[in-house]
Amino acid sequence: MRQTWRWFGPVDKVTLADAQQAGAEAIVTALHHITSGAVWPVAEIEKRQGEVASHKDGTPTGLAWEVVESLPVSEAIKTQTGDWRGDLDRYAESLANLAQCGIHTICYNFMPVLDWTRTDLRAPTATGGAAMVFDLVDFAAFDMHILSRAGARDDYPRDVVDAAAERFTAMSDDRKAELAANVTAGLPGAAERWTLDDVRAKLADYRGIDAARLRRHHVDFLTAMAPIAEKHGVRLCCHPDDPPWPLLGLPRVWSTADDVRHVFEAVPSQAVGLTLCAGSFGARPDNDLPAMIGEFGPRIHFVHLRNVTRAADAVPCSFAEDAHLAGQTDMVAVIGALLQEERRRRNEGRADWQIPMRPDHGHEILDDAVRGAQPGYPAIGRLKGLAELRGVMTALEACCAAA
Ligand code: DNO
């Protein structure tokens, strides 16, 4: 697999030199300063390519921008309101511009309003580091008592409703503000950051949009983009919902194998694919990751490797981000299945046989807290994750070669 590293651009406190030292082979980034719905101009793409290629003193990094994460899909496209057809044209233009610059793997997501969501960004781990957590009771407390969404209590089991009320009563004002910011202000890479009032307005935009309709909108988006992507040799890869279940009463339609199957059948183009995020899919006990790799392998264009530990085998549930080789996903089996898919592609003569992967997230350990990088994206925690994953990849490849 191609070992890539996410870099948030020149503002990132984790530098390209750090990525080099971690042994990264290529960079995943995005033009985060361009608002969703707007075109990514060639000049801006080239500028970022230049920033990836050279350190500030002009010496080469030896790295190139190979994967876009993400080219955001506008809320107008997801809801099919306003100038959504204009947004489709602009998305198509961005795809063409990226291809012209030699970038062909493009990750996006189709989550309504919120991108990935956590309630704690730095919860202490047993070994003294910090990890990200999604706590269902905290989230319900936010939904029912901070956002005060009508009907919210109907969306949670009775025991969670009661626990959330109790937790909210005991919550300090600082924690309430922190929880609201964690959920609404957007985690790294999220296309938009909302206030509580923005979220309320956005929820209203989704009135009447149930899962079936949102799925149709996703298929419409891909039906429009597939011919453009094919023409330019671009591979689109949808990142799973994180967490993989409905939030705030909004449907989420890229959470399970069924979701993927439905869209892949509706848009049977190799240019329309999947970002296999082991951590996002792995938050559901009913997602069998090696089986999903077996089924969707040919259309997996990008991989995020990380692990979670669920507090219960239920959907929804609380979960914590675990070390890359700990947690409930059998990472060795996942990597084994991905390497097998690479071998299959090589035998088939596919030019894109090598699948780009990145170590996704990482605990904050050692000096990570001092540096203050973006939540989930520390230097040392990710370096450790990549080192462990590389160890598994190397060992499995050697075993396979010897067999
Ligand atoms: C979180 C990321 C996501 C991802 C987007 C892709 O760490 O994996 O924010 O970038 O959902 O569109």
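Residues numbered from 1 in each chain as written. Predicted model: local features only at pLDDT ≥ 70, side-chain atom pairs only at ≥ 80, totals over all residues. Heavy atoms only, no water.

1. What about the domain arrangement of the protein?
1) Next: In terms of domain boundaries, the protein breaks down into domain 1 (2-113 + 189-309 + 327-402) and domain 2 (118-185).
2) Next: For domain 1 versus domain 2, the distance between C-alpha centres works out to 26 Å.
3) Next: Listed by partner, the interface residues are 21 residues for domain 1 and 18 residues for domain 2.
4) Next: Of the roughly 1600 Å² buried between domain 1 and domain 2 on both sides combined, carbon and sulfur atoms contribute 61%.
5) Next: For the domain 1 face of the interface with domain 2, the top three residues by lost area are L196, L248 and E364, together amounting to 33%.
6) Next: Here domain 1 and domain 2 share two salt bridges between them.
7) Next: Counting across the domain 1 and domain 2 interface gives eight residue pairs in polar contact (both at pLDDT 80 or more).
8) Next: A per-class count over the side of domain 1 that touches domain 2 returns 11 nonpolar, five polar and five charged. (Domains from an automatic or database assignment. Contact = heavy atoms within 4.5 Å. Buried area = accessible area lost by both parts, 1.4 Å probe. Salt bridge = Lys/Arg side-chain N within 4 Å of Asp/Glu carboxyl O. Polar contact = N/O pair within 3.5 Å; in protein donor to acceptor, adjacent residues only side chain to side chain. Nonpolar A, V, L, I, M, F, W, Y, C, P; charged D, E, K, R; others polar.)

2. Regarding the site of the ligand
1) Next: Every one of the 14 residues lining the ligand counts as a neighbour, but E69, S70, N109, H361 and Y377 are closest to it.
2) Next: Here an oxygen atom of the ligand sits 3.3 Å away from a polar atom, N or O, in the side chain of R6.
3) Next: Within the side chain of S70, one N or O atom sits 2.4 Å away from an oxygen atom of the ligand.
4) Next: Protein contact buries 100% of the 330 Å² of open area that the ligand shows by itself.
5) Next: It is strand β4 (residues 105-109) that contributes the most residues to the shell around the ligand, three residues altogether.
6) Next: Looking at side-chain class alone, the shell around the ligand contains five nonpolar, five polar and four charged residues. (Near = heavy atom within 4 Å. Areas by Shrake-Rupley, 256 points an atom, 1.4 Å probe, with all protein chains shown as cover. Helix = DSSP H or I, 4+ residues; strand = E, 2+ residues; numbered from the N terminus.)

3. Observations regarding the packing of helix α9 (residues 211-232) against helix α10 (residues 257-266)
1) Next: Relative orientation of the contacting elements α9 and α10 amounts to 40 degrees, with a least axis distance of 10 Å. One element, α9, and the other, α10, form an angle in the oblique class. Where α9 crosses over α10, the handedness of that crossing is right-handed. Listed contacts from α10 to R215, H218, V219 and L222 of α9 are D259, H262, V263 and A266.
2) Next: Among the residues making up the contact of α9 with α10, the classes are represented as four nonpolar, two polar and two charged. (Axes fitted to C-alpha atoms, helices over the stretch in contact; angles between N-to-C directions. Parallel < 35°, antiparallel > 145°, perpendicular 65-115°, else oblique. Left-handed = near helix turned anticlockwise from the far one by under 90°.)

4. Quick notes on the sheet that holds strand β9 (residues 300-305)
1) Next: On the basis of which strands lie adjacent, the closed barrel formed by eight strands has the order β1-β2-β3-β4-β7-β8-β9-β12 and parallel pairing. Ignoring which end each strand starts from, the neighbouring axes of this sheet average 30 degrees apart.
2) Next: Alignment of β9 against strand β12 (residues 356-359), held across three bridges, turns out to be parallel. Within the sheet, the bridge partner assigned to V303 lies in β12 and is M357.
3) Next: Taken strand by strand, helix α15 (residues 379-402) contacts β1 (2-6), β9 and β12, and its axis lies near 170 degrees from that of β1. (Pairing = 2+ DSSP bridges.)

5. A closer look at the layout of surface pockets
1) Next: What the largest pocket holds in volume is close to 570 Å³.
2) Next: Classifying every residue of the lining of the largest pocket gives 19 nonpolar, 12 polar and six charged. (1 Å grid on protein atoms, 1.4 Å probe; cavity = no way out; pocket = protein on both sides within 12 Å on 5 of 7 lines; lining within 4 Å. Points joined across faces, edges and corners; volume = space filled by probe spheres on them.)

6. Notes on the nonpolar core
1) Next: Ranked by internal contacts, the top residues of the largest apolar core, which has 114 residues, are W40, F221 and L305.
2) Next: When residues in this core are grouped by element, the largest group, eight residues, is from helix α5 (residues 136-146).
3) Next: When residues are assigned to domains, this core turns out to be shared by domain 1 (2-113 + 189-309 + 327-402) and domain 2 (118-185), each giving three or more.
4) Next: Residue contacts for F221: discarding those within four places in its chain leaves V73, I77, L88, Y91, Y108 and F110. (Core = buried A, V, L, I, M, F, W, Y, C linked by side-chain atoms within 4.5 Å. Buried < 20%, exposed > 50% of the residue type's maximum accessible area, 1.4 Å probe, protein only.)

7. Digging into the pattern of salt bridges
1) Next: For the structure shown, the criterion picks out 38 salt bridges.
2) Next: Residue E341 is joined to R345 by a salt bridge in which the shortest nitrogen-to-oxygen separation is 2.8 Å. Of the two residues, E341 and R345 are both situated in helix α13 (residues 331-348); the distance of four residues between them amounts to about one turn of the helix. Both residues of the pair, E341 and R345, belong to the buried class.

8. Some words on the packing of aromatic side chains
1) Next: Applying the stated criterion across every chain yields a total of 13 aromatic pairs.
2) Next: With a centroid separation of 5.9 Å and an interplanar angle of 65 degrees, the aromatic rings of F134 and W245 are classed as edge-to-face. Here F134 is found in strand β6 (residues 130-134), whereas its partner W245 is found in the loop between β7 (235-239) and α10, with 111 residues between them in sequence. When sorted by exposure, F134 lands in the same class as W245, which is buried. (Phe/Tyr/Trp six-rings, centres within 6.5 Å; stacked < 30°, edge-to-face > 60°.)

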